Each structure stands twice: as structure tokens, then as C-alpha cells.
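Okay, here's what each chain looks like letter by letter:
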Amino acid sequence: MRRGTSFYPNLAEVSEEVLQAMVRQPISHRSVEFHEIFASVQAGLQQLFCTARPVYVATASGTGMMEAAVRCAPQGRILSIVNGAFGERFVKIAHACERDVDRHDVEPGGVPDPEEVRDLLQRKAYSAVTLVHSETSTGALSDVETISHIARDAGAALIVDSVSGIGGAQLEVDAWGVDCVVSASQKALGLPPGLGFAVASAAFLRRARDVKDRGFYLDLLNFEQPALNNETPTTPSVALIFALERQLAGIRSEGVAARWARHEAMRAAMEDWVSNTRSGLGIEIDILAKAGARSPTVTVVTLPYGIAAEVLISNVAARGYAIGSGYGTLRGTTFRVGHMGDHTVTELTGCLGAITDALGELRPMH
Ligand SMILES: *Cc1c(COP(=O)(O)O)cnc(C)c1O
């Protein structure tokens, strides 16, 4: 596969250097060498999450970390903000874990209005709020900072799914006072799938102690002391830790703020491309998410009646570029471009050129 050709929304392209870092004998996770690697990984992850707290590393997918956070959420009723498929997943997890949960639905492509959230938290007592930072199913980006302050005022813990955010979209865990943030390796971090991450405030952990049925493997309380000792509680995917170490070294040299800016530039390039293509080809494509609340890591583009998403995606694939289909009910009428991880505007421009050509071919006749 040529570098700069894979733009799936659910799986980042992984660089050759990171792939190579995994090709070696595993080492014991109780060895001195592992402790040294994990210490450097901790420093890199803390920079990335903008936190002084330890960042827990689990061998799990993003959903595992969402479940870990819900299971540790302070006792009481949870308010789940649903503006897409991953917001909905929090509701399913809460039900499966037998937690009391109310949902606040926002139209697909939209983001929650912070004042509405404030109102909901004033009308009823909630112990926790779940929120998706970058909703990968719609391409919407929620205002985590404002909602974090509102949740704090109401005494509710804020749990944020930043699976497709961390590493691409700005999120400052400590400065914004977010109680719990979860993420995973295979999206904006540009790693293979298999590692989950979580940060929890000291207050969140303290309240978690009173919660029953936290389980064992992903109980966040079990990660704290090992993390402080530069370990994981159980045997990790050591190969992926090697990959993480390599990738974090790259992120350190790029700089976290520069990484956010690179992703912002890709979001802007998507917006320019959509408006230029609409006027240039006369095809009514649009961006699903509202202007001003769009994710820097994933864009969902709506197609006009007459252009089938699956045909477009396979024509783009024939030109050497991978893009994703829409999610769930949006499958037939949208496509998704994941511009995350190590991608640059130049690489994205190559992909958009291929989509333009494929669209030109499929243009509905007038
Ligand atoms: C991909 C994704 C998940 C789920 O991650 P898995 O690793 O497949 O469990 C959760 N939330 C968001 C926003 C995602 O993009």
C-alpha cells in the first residue's frame, strides 16, 4: 500500500517506522526495560492528554474503555448525550451495566447546546454525563470545555469519549477539568488497533470506590497504582507498547499543538473541497456536521439523490484511495473521510482529487 492513501474513518494508516517497531521479541512487563519504556510512554501520553494524572493503558478497544468509564461512574443516574452512533453506544453500555440512564438526543450532525445541558442538569440530579468529543459517525465536534464547566457546576462527573479526538483534536483534560476521558490507539493516534487509554481525575476515582459491579479487568481503580509504577495491571500487548513508544516520539518532535493545527488544516481543506466541488461540478454535496462544530479528524459528506455511496467508494478505491462508507442509517447517502493520524493536507488533497474524478464520472444527468 502506498503511503497517504488510506482515509478510513475507523482505522488510521500506520507508518512503516511504527510497524517496524513491533517486529521484535516481546519483553516481560515486569522487567526494568519495560518500566523504562512505559515511563517514556507515560510522559508522551500525559503531553497528549494535557494532564498530570497517569494515563492508563489497557489492551482493549475504545468500547472497552467506554465501558470501564461507565462502570466506574459515580453512583446515581447518568445523562447520556446522543448525537450519533457512539453517543448511543454509551446508552447501550449503561443499560448493559444496569445503570440508570436518561438520554438527551441531538439531531445527527448536530452537537449539544451547552445551555440545554445546563438546564437538564438543573431539572434532575445526575451523577455523571457522557459525551462524545468527535462523533465519528457524523463528523461533529462537541464543545467539551464548556460542557465540562457546566457539569462541574452541577456536581456531575463528565465522561468523554475522545476515541477519534485525542491526537488530532484539542482536548485539555486538566485545564478543562474533565473527570474521565477515554481513547484508543487506532484513530487519530495513528497506531494499529488494540490499545485503550483512560485518564480519570482523583475525585472520579475516589467516588468510584463506592460503586459496586465495577468488574475486574477494566476496573480503572486497578490501573492507578501500576501506572504510577510504570506498569500495567495485567500482561499488555507488548508489541503495541513498542509501537506506541515509537509513535509518541514522533508526536513529541511534531509537537501536540502543531498536530492539532495540522488536523485543523485538513478539516479546512475538506470544507474548501466541498464548496469548490459543488460549484465546479454542480453536484449538491455537503458536509453533514454544522459549520463551527466540525471534527478535525473525520468529515461526513452527504451525497445528492442519484449517487450511490457504495459505487462512489469503489470508484475511489479503483483510483488507489480508501475512504469509508456512512455509518448506520447514513450508509447509502454519505461517505466518510478519515483525515487523522499522520496524514497531511498534501496527502488529503491527493485523496480528494480521486473523489473529484469519481464524482465527475457519476454526475447525475440533467
Ligand atoms: C471508533 C470509535 C469508538 C469505538 O472504538 P472500538 O475501538 O471499535 O471499540 C468509540 N467512539 C468513537 C467516537 C469512535 O470513533
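Once a new chain begins, its residue numbering starts again from 1 and follows that chain's sequence as written. Owing to the predicted nature of the model, reporting of local features is limited to residues with pLDDT of at least 70; listing and counting of side-chain atom pairs is limited to 80 or more, with chain, interface and lining totals taken over all residues. Excluded from the side-chain calculations are hydrogens and water; all other atoms, namely the structure's heavy atoms, are used.

### Observations concerning the overall build of the protein
At step 1: A tally of regular secondary structure across the protein gives 13 helices and 14 strands.
At step 2: The C-alpha atoms of the protein give a radius of gyration of 20 Å, which matches the 21 Å a tight globule of 366 residues would have.
At step 3: With the C-alpha coordinates of the protein rotated into their principal frame, the extents come out at 65 × 55 × 30 Å.
At step 4: Exposure classes here rest on a 1.4 Å probe applied to the protein chains alone. A residue is buried below 20% of its type maximum, exposed above 50%, and partly exposed in between. Looking at the protein residue by residue over its 366 residues, the buried ones come to 57%.
At step 5: Within the protein, contacts between residues at least 6 apart in sequence are counted, and of these 72% link residues at least 24 apart. Numbering goes from the N terminus for both helices and strands, where a helix is a DSSP run of H or I of at least four residues and a strand is a run of E of at least two. Radius of gyration here is computed from C-alpha atoms only, and the compact-globule reference equals 2.2 Å multiplied by the residue count raised to the power 0.38. In what follows, residue pairs with any heavy atoms lying within 4.5 Å of each other are defined as contacts.

### Structural notes on the pattern of salt bridges
At step 1: We count a salt bridge whenever a side-chain nitrogen from Lys or Arg sits within 4 Å of a carboxyl oxygen from Asp or Glu. One pass over the full model with this rule turns up 23 salt bridges.
At step 2: Where Glu 264 meets Arg 267, a salt bridge forms, and the shortest distance between an N and an O atom there is 2.6 Å. Pair noted here: Glu 264 and Arg 267 are both in helix α11 (residues 256-281), with a separation of 3 residues, about one helical turn.
At step 3: In this structure, the salt-bridge partner of Asp 286 is Arg 278, at a minimum N-O distance of 3.4 Å.
At step 4: Relative accessible area serves as the criterion here: at 38%, Asp 286 is assigned to the partly exposed category.
At step 5: By relative accessible area, which is 25% here, Arg 278 ends up partly exposed.

### Notes on the sheet that holds strand β13 (residues 322-325)
At step 1: Strands sit in the order β1-β13-β14-β12-β11 across an open sheet of 5 strands; the sheet is mixed. A strand with exactly one partner marks an edge of an open sheet, and here the two such strands are β1 (6-7) and β11 (286-287).
At step 2: The sheet strands contacting helix α12 (residues 309-318) are β13 and β14 (334-338), and the helix crosses β13 at an angle near 165 degrees. A strand pair is defined by DSSP finding two or more bridges across the two strands. Orientation is described by lines fitted to C-alpha atoms, with helices fitted over the stretch in contact, and by angles between N-to-C directions that extend from 0 to 180 degrees.

### Concerning the site of the ligand
At step 1: Ser 61, Thr 63, Thr 136, Asp 161 and Lys 187 are the nearest of the 14 residues found near the ligand.
At step 2: Here an oxygen atom of the ligand and a side-chain polar atom of Thr 136 are 2.4 Å apart.
At step 3: Between Lys 187 and the ligand, the recorded distance is 2.6 Å, taken from a side-chain N or O atom to an oxygen atom.
At step 4: In the complex, the protein chains occlude 88% of the 380 Å² of accessible area that the ligand would expose alone. Note on definitions. A residue lies near a molecule or strand when any single heavy atom of the residue is within 4 Å of it. Side-chain atoms alone can form a polar contact between residues adjacent in sequence; in general such a contact is a pair of N or O atoms within 3.5 Å, and within protein one must be able to donate a hydrogen while the other accepts it. Throughout, the Shrake-Rupley method with a 1.4 Å probe supplies accessible areas, and for residues the shown protein chains are the sole cover considered.

### Observations concerning the side chain of Ser 137
At step 1: Here Ser 137 shows up in the loop between β6 (134-135) and β7 (140-141).
At step 2: Relative accessible area serves as the criterion here: at 3%, Ser 137 is assigned to the buried category.
At step 3: One polar contact links the side chain of Ser 137 to the main-chain amide nitrogen of Ala 85, over a distance of 3.0 Å.
At step 4: Side chain to side chain, Ser 137 and Glu 135 meet in a polar contact 2.7 Å long.
At step 5: Setting aside its immediate chain neighbours within four residues, Ser 137 contacts Gly 84, Ala 85, Phe 86, Val 300, Tyr 327, Leu 330 and Arg 336.

### Comments concerning the packing of α11 against helix α13 (residues 345-362)
At step 1: Packing of α11 against α13 leaves a shortest axis separation of 11 Å and a crossing angle of 25 degrees. Taken as axis vectors, α11 and α13 run roughly parallel relative to one another. In this structure, the crossing between α11 and α13 has a hand that is right-handed. Within the contact between the two elements, α11 uses Ala 265, Met 266, Ala 269, Met 270, Trp 273, Thr 277 and Leu 281 and α13 uses Val 345, Leu 348, Leu 352, Ile 355, Thr 356, Leu 359 and Gly 360.
At step 2: Polar here means any residue other than Ala, Val, Leu, Ile, Met, Phe, Trp, Tyr, Cys and Pro, which are nonpolar, and Asp, Glu, Lys and Arg, which are charged; Gly is therefore polar. For the contact of α11 with α13, the residue count by class is 11 nonpolar, 3 polar and no charged. Here the word oblique covers every angle except those under 35 degrees (roughly parallel), over 145 (roughly antiparallel) and from 65 to 115 (roughly perpendicular). Handedness of a helix crossing follows the sense of rotation of the near helix relative to the far helix, less than a right angle counterclockwise being left-handed and clockwise being right-handed.

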